[in-house]
Amino acid sequence: MSQGSLTHSHPQLPAANAAAKPPSAETLVRSIGGLAARLSELMIKETALLKVGRSSDVAALQLAKAELARAYSGRWLQLKAVRDEFAGLAPNLTEAFRQQLDKLTATAVENEKALRRVHRATDRVLGIIARAIREQRTATTGYTKTNLPTRRSSGALGLTVDRRF
């Protein structure tokens, strides 16, 4: 799937109408379903990139993921405001909505597992690097003319890691 397909338009709520009258439950369900589908696609792509170790490509997806998640959350708040209308929606619409949400949930679980694996692997690598630096700093580097080990001052080891993708 191309990056362009992830940015296709989804059902928008008219700005002027949104302030005057809240959107209908049907409009919100369709909007949330579209956002859930796009979030699922994005997380599937992100999970695949994580599995092959392309974290630099994952970083490029983070802004789009955050924007979709923010819009998704906002639509849910709007739907809660008209929850009484939700019960009157067509059964096929509510079933399709439920299926899309189930897919998003399963995709999010897999995405979180992949993110945790990468996080644990990164922590292991950083631990190995920090241990190697500490061991190198405590080891002697050679002998002086009098054949005595050189003295090293014990310094503090500082290591900073940026965990953002």
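The rules behind the values
Residues numbered from 1 in each chain as written. Predicted model: local features only at pLDDT ≥ 70, side-chain atom pairs only at ≥ 80, totals over all residues. Heavy atoms only, no water. Axes fitted to C-alpha atoms, helices over the stretch in contact; angles between N-to-C directions. Helix = DSSP H or I, 4+ residues; strand = E, 2+ residues; numbered from the N terminus. Parallel < 35°, antiparallel > 145°, perpendicular 65-115°, else oblique. Left-handed = near helix turned anticlockwise from the far one by under 90°. Nonpolar A, V, L, I, M, F, W, Y, C, P; charged D, E, K, R; others polar. Phe/Tyr/Trp six-rings, centres within 6.5 Å; stacked < 30°, edge-to-face > 60°. Buried < 20%, exposed > 50% of the residue type's maximum accessible area, 1.4 Å probe, protein only.

*Asks:* How should the packing of helix H3 (residues 25–51) against helix H4 (residues 55–81) be read in this particular structure?
*Replies:* Helix-helix packing is characterised by the crossing angle of the two axes and by the distance between the axes. Contact geometry for H3 and H4: axes closest at 9 Å, N-to-C directions at 155 degrees. As far as their axial angle goes, H4 and H3 are roughly antiparallel. The way H3 lies across H4 gives a crossing that is left-handed. Counted by class, the contact of H3 with H4 contains 20 nonpolar, three polar and six charged residues.

*Asks:* For this particular structure, what's the right way to read the packing of aromatic side chains?
*Replies:* Centre distance and the angle of the planes are the two values used to describe a pair of aromatic rings. Considering all chains together, one arrives at three aromatic pairs under this definition. Aromatic side chains tyrosine 72 and tryptophan 76 sit 6.2 Å apart centroid to centroid with 75 degrees between the ring planes, which places their arrangement in the edge-to-face category. Here tyrosine 72 pairs with tryptophan 76, and both are found in helix H4, just four residues apart, close to one helical turn. Looking at tryptophan 76, the relative accessible area reads 26%, which means it is partly exposed. Ring pairing ties together the aromatic residues Tyr72, Trp76, Phe86 and Phe97, which thus form one cluster.

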